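Close look at the chain arrangement
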Amino acid sequence: MEDKTIRLQLSETKKEKPNSDQLIFGRAFTDHMFVMDYSDPLGWHNASIVPYQPLMIDPSAMIFHYGQSVFEGLKAFRTADGEVQLFRPQKNFERLNLSSDRLCIPPIDEEFALKAIKQLVTVDKEWVPDAEGTSLYIRPFIISTEPYLGVAPSRHYKFIVILSPVGAYYKEGINPVKIAVENKYVRAVKGGTGEAKTGGNYAASLKAQEDVSKEGFAQVLWLDGVEQKYVEEVGSMNVFFKIGGEVVTPKLNGSILAGVTRNSVIELLKHWGIPVSERRISMEELYQAHQDGLLEEAFGSGTAAVISPIGQLTWDGKDMVINGGNTGEISQKVYDTITGIQYGKVEDPFNWIVKVEAKSAVKH
Ligand SMILES: *Cc1c(COP(=O)(O)O)cnc(C)c1O
């Protein structure tokens, strides 16, 4: 039977916290982390919150050689009355298990994982910044740790959660970016690991990102890996277009990551009665819509930025300026509503918010 107690070992020292106006994404980490082990006969065990520290891992551990790993990303927000809350965390653990299944990693108990991050965030609650637009980024991940060079699913894993205070993504309001349509490299192919949140997909995407950033683009727009005709994602965000009054986003096809923000955008648009559809979208169609003056807005969606408006798309040397390079009305409205719900400023009709301090609160 799996042991479900969480041992708590508090750090004897406290690190200095960075100023909230100097937070750089993913650079500073809090005082504690959550760790849990998996081994073949035992299942998941040894759940503990311990001081943030380096890991001791055998150099032959499978993660270093064959990349069997998955991760998640979500945030904790501080509300005006000082409470700390999460945005749809159940979705992240549901997706973690879907990713794990694709990578032959054993599932975790989703409810227990949620309890664990609530406890961890409670222990490091002082690290949740309170300045406008800041939050505490939560990074759960699983790595394969069996010391073995054979190619097979590992029989040992570590599930770890680390926390990092992050600054406001937009310091002066949301800002449209220039995007290059990627014609050379692909991120994922049908039947591959594109719909799993796994490090390998990111490793595969670096080269394209590096190439276009030299030319002044913020990100690439990924096309399908088979014909390179159909739109998939933008950078590590999902993508939406408003064409002739209707909002469209690529349908989940196995190579697209099912973003929590993507799902939230769709739910909100439906709630507002704005036409939205999930379907295949070709670059040819987008270009034609742009020529016809029907491409009204474009934006990316993801946990980090929430909404990232696209002011220009460049495809095969053709520049498509969207909405005069300005943030569109829907992009702005969706951004304001989702961030409003996250910080407790806007009513949450969907029950998306989960408070961190319930009965499981830890005293310290
Ligand atoms: C994480 C991720 C997204 C966005 O997902 P959210 O749950 O909205 O943060 C989109 N695309 C890729 C490739 C991702 O890894």
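Residues numbered from 1 in each chain as written. Predicted model: local features only at pLDDT ≥ 70, side-chain atom pairs only at ≥ 80, totals over all residues. Heavy atoms only, no water.

**A short note on the domain arrangement of the protein**
Along its sequence, the protein is organised into domain 1 (6-171 + 353-363) and domain 2 (177-326). Taken together, the 18 residues of domain 1 in the interface contact 20 residues of domain 2. A combined buried area of about 1,600 Å² lies between domain 1 and domain 2, and 56% of that area is made up of carbon and sulfur atoms. Interface area lost by domain 1 to domain 2 is led by Phe71, Arg95 and Arg102, which between them contribute 36%. (Domains from an automatic or database assignment. Contact = heavy atoms within 4.5 Å. Buried area = accessible area lost by both parts, 1.4 Å probe.)

**Side note on the site of the ligand**
Close to the ligand lie 14 residues; Lys197, Tyr202, Glu233, Thr261 and Thr303 are nearest. Taking Arg95, its side chain carries an N or O atom lying 2.8 Å from an oxygen atom of the ligand. A distance of 3.4 Å separates a nitrogen atom of the ligand from a polar backbone atom of Ser236. Considered on its own, the ligand offers 380 Å² of accessible surface; in the complex 95% of this is hidden by protein. Its residues assigned to classes, the shell around the ligand shows 4 nonpolar, 6 polar and 4 charged. (Near = heavy atom within 4 Å. Polar contact = N/O pair within 3.5 Å; in protein donor to acceptor, adjacent residues only side chain to side chain. Areas by Shrake-Rupley, 256 points an atom, 1.4 Å probe, with all protein chains shown as cover. Nonpolar A, V, L, I, M, F, W, Y, C, P; charged D, E, K, R; others polar.)

**Brief notes about the side chain of Arg187**
Mapped onto the fold, Arg187 is located in the loop between strand 9 (177-181) and helix 4 (199-213). Since its relative accessible area comes to 13%, Arg187 is described here as buried. Within the local environment of Arg187, its side chain forms a polar contact with the backbone oxygen of Gly194, the two atoms lying 2.8 Å apart. Here the side chain of Arg187 touches Ser255 through a polar contact of 3.0 Å, landing on its backbone oxygen. Beyond its immediate sequence surroundings of up to four residues, Arg187 is in contact with Gly194, Asn201, Trp222, Glu233, Ser255, Ile256 and Leu257. (Helix = DSSP H or I, 4+ residues; strand = E, 2+ residues; numbered from the N terminus. Buried < 20%, exposed > 50% of the residue type's maximum accessible area, 1.4 Å probe, protein only.)

**Let's talk about the packing of aromatic side chains**
Following the criterion strictly, the structure yields 14 aromatic pairs and no others. Ring centres 6.4 Å apart and planes at 75° place the aromatic pair Trp44 and Phe159 in the edge-to-face group. Taken together, the residues span a long stretch of sequence, with Trp44 in strand 3 (residues 43-51) and Phe159 in strand 8 (residues 156-166) at a distance of 115 residues. With respect to class, Trp44 is no different from Phe159; both count as buried. Among the aromatic residues, ring-to-ring pairing joins Phe34, Tyr38, Trp44, Tyr157 and Phe159 into one connected group. Above the ring of Tyr230, the side-chain terminus of Arg280 is found at 4.0 Å from the ring centroid. Sitting over the ring of Trp272, Lys333 keeps its end group 4.2 Å from the ring centre. (Phe/Tyr/Trp six-rings, centres within 6.5 Å; stacked < 30°, edge-to-face > 60°. Lys NZ or Arg CZ within 6 Å of the ring centre and 35° of its normal.)

**Topic: the environment of Leu96**
Take Leu96: it is sitting in helix 2 (residues 89-102). Sequence-wise, Leu96 and Lys197 are 101 residues apart; in three dimensions their C-alpha atoms are separated by 7.4 Å. Apart from the residues lying within four places of it in its own chain, the contact partners of Leu96 are Val70, Phe71, Glu72, Ile108, Ile142 and Phe159.

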